[in-house]
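Summary of structural features
Okay, here's what each chain looks like letter by letter:
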Amino acid sequence: MTDNGKIPNIETNPELITVAMPKGRIFEEAVSLLRQANYSLPPEFEDSRKLIIEVPEAGMRFILAKPMDVPTYVEYGVADVGVAGKDVLLEEKRDVYEVLDLKISECYMAVAGLPEYDPKADIAPKIATKYPNLASDYFREQGEQVEIIKLNGSIELAPIIGLADRIVDIVSTGRTLKENGLVELETMMPITSRFIVNPVSYRTKSAAIDDMAERIAAVVEGDIFG
Ligand code: PRP
């Protein structure tokens, strides 16, 4: 909301850049990256329950979305740009430009299961995952026929409780697998967060979006070489 208590309206300021930010574990790193790129974001970013935060002095408005929904907001153009994990982009396959690897929230996607599980002995394996499209694509490329079971979280439960034979999930520290007695069976792909852009906004607001991408890229490059 703005100071007068109203929800900010894009129609009143068509030059505003709307940024879709992922709530949750990526959020803090993404906010820190923007601050390093000299965007003075208000403290309410961290401790508010607001889902829309306007920063008029930066010509920006932020929407705080579920990570899996960020590419949807950007594809439909209600957000011009966004921060989304590569995992989410591979899963959602939305029509957005992936402009920059932000190199934050590094983790990887893996297949995991119980230590005694023998993939070769299993002819019709069940795979539990939050990423049904990504998992289907992966096993199709491997030439393996599997049954995908979509879950919304706590994926590691599935093999322990007997719902699935294997899981496909994000591994960050590896703690969740370890503490639940699971082992990694295959490493699939590295994952980082990306700066994504709506194709129409990329043309109509090119100056502002290029400026934003350049400022962020300078920080990302600085992190690598500095
Ligand atoms: C993610 C992921 C793993 C865990 C991996 O879950 O699905 O469960 O983090 O992290 P680690 O390797 O550092 O242990 P998240 O915490 O997002 O919750 P969820 O299970 O509800 O999806």
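Here goes a summary of the coordinates provided. Sequence positions are assigned chain by chain, starting from 1 and proceeding in written order. For a predicted model such as this one, the threshold for reporting local features is a pLDDT of at least 70, and the threshold for listing and counting side-chain atom pairs is 80 or more; totals across whole chains, interfaces and linings nevertheless cover every residue. To get the side-chain values, take all heavy atoms of the structure and skip hydrogens and water.

1. Let's talk about the site of the ligand
- Note on definitions. A residue lies near a molecule or strand when any single heavy atom of the residue is within 4 Å of it. Around the ligand sit 13 residues in total, of which Arg-25, Lys-130, Asp-169, Thr-173 and Thr-176 are the nearest.
- Within the side chain of Glu-156, one N or O atom sits 2.7 Å away from an oxygen atom of the ligand.
- Counted as a polar contact is a pair of N or O atoms within 3.5 Å, where, for protein atoms, one must be capable of donating a hydrogen and the other of accepting one, and residues adjacent in sequence contribute only when both atoms are in side chains. At 2.8 Å from an oxygen atom of the ligand is found a main-chain nitrogen or oxygen belonging to Ser-172.
- In the cavity and pocket records, a cavity denotes points on a 1 Å grid over the protein atoms alone where a 1.4 Å probe fits but cannot get out, a pocket denotes an open set with protein on both sides within 12 Å along at least 5 of 7 lines, and lining residues are residues with an atom within 4 Å of a point. Any molecule with more than half of its atoms within 2 Å of a cavity's or pocket's grid points is regarded as sitting in that cavity or pocket. Most atoms of the ligand, that is more than half of them, are within 2 Å of grid points of the largest pocket.
- Helix and strand assignments come from DSSP, with helices taken as H or I runs of at least 4 residues and strands as E runs of at least 2, each series counted from the N terminus. Mapped onto the shell around the ligand, the elements with two or more residues apiece are strand 9 (166-171) and helix 7 (175-179).

2. Thoughts on the environment of Asn-152
- Structurally, Asn-152 is set in the loop between strand 8 (147-150) and helix 6 (157-161).
- Put simply, Asn-152 and Tyr-131 are 21 residues apart on the chain and 9.0 Å apart in space, counted from C-alpha to C-alpha.
- Among the polar contacts listed, one links the side chain of Asn-152 to the side chain of Lys-150, at a separation of 3.1 Å.

3. Things to note about the sheet that holds strand 5 (residues 97-101)
- The sheet built from six strands is open, its strands ordered 2-3-1-4-11-5 with mixed pairing. For this open sheet the edge positions go to strand 2 (52-55) and strand 5, each flanked by a neighbour on one side alone. Within the sheet, the average angular offset between the axes of one strand and its neighbour, ignoring direction, is 25°.
- In this description, contact between two residues means that some pair of their heavy atoms is separated by no more than 4.5 Å. Fitted lines through C-alpha atoms serve as axes, helices being fitted only where they are in contact, and the angles separating the N-to-C directions of these axes extend from 0 to 180 degrees. The strands that helix 1 (residues 27-36) touches are strand 1 (17-22), strand 3 (60-65) and strand 4 (81-85); relative to strand 1, the one it contacts most, it runs at about 145°. Two strands qualify as a pair provided that DSSP identifies no fewer than 2 bridges between them.

4. What about the layout of surface pockets?
- Here the largest pocket is characterised by a volume of approximately 880 Å³.
- Listed by contribution, the elements that provide at least two residues to the lining of the largest pocket are helix 4 (86-92), strand 9 and helix 7.
- An automatic or database domain assignment supplies the residue ranges for each domain. If you count residues domain by domain, the lining of the largest pocket takes at least three from each of domain 1 (10-105 + 192-220) and domain 2 (107-190). Grid points are joined across faces, edges and corners, and a volume is the space filled by probe spheres set on the points.

5. As for the sheet that holds strand 7 (residues 126-129)
- If you walk across this open sheet you meet the five strands as 8-7-9-6-10, and the pairing is mixed. Lying at the two open borders of the sheet, with one neighbouring strand each, are strand 8 and strand 10 (183-191). Across the sheet, the mean angle separating the axes of adjacent strands is 25° when strand polarity is ignored.

6. Details of the nonpolar core
- The definition of a nonpolar core used throughout is a set of buried Ala, Val, Leu, Ile, Met, Phe, Trp, Tyr and Cys residues joined through side-chain atoms within 4.5 Å. Note on exposure labels: buried denotes an accessible area under 20% of the residue type's maximum, exposed denotes more than 50%, and partly exposed covers the range between, all computed with a 1.4 Å probe on protein chains only. Judged by nonpolar contacts, the single largest core of 32 residues is most densely connected at Met-21, Phe-62, Leu-102, Phe-195, Met-212 and Ile-216.
- Counting only elements with at least two residues in this core, the list comes to strand 1, helix 1, strand 2, strand 3, strand 4, strand 11 (193-197) and helix 9 (206-225).
- Ranked by the residues each element gives to this core, the list is headed by helix 9, at seven residues.
- In contact with Leu-102, other than residues within four places in its own chain, are Leu-33, Val-83, Ser-193, Arg-194, Phe-195, Ile-216 and Val-220.
- Judged by nonpolar contacts, the second largest core, of 13 residues, contains Met-109, Leu-134, Ala-135 and Met-189.

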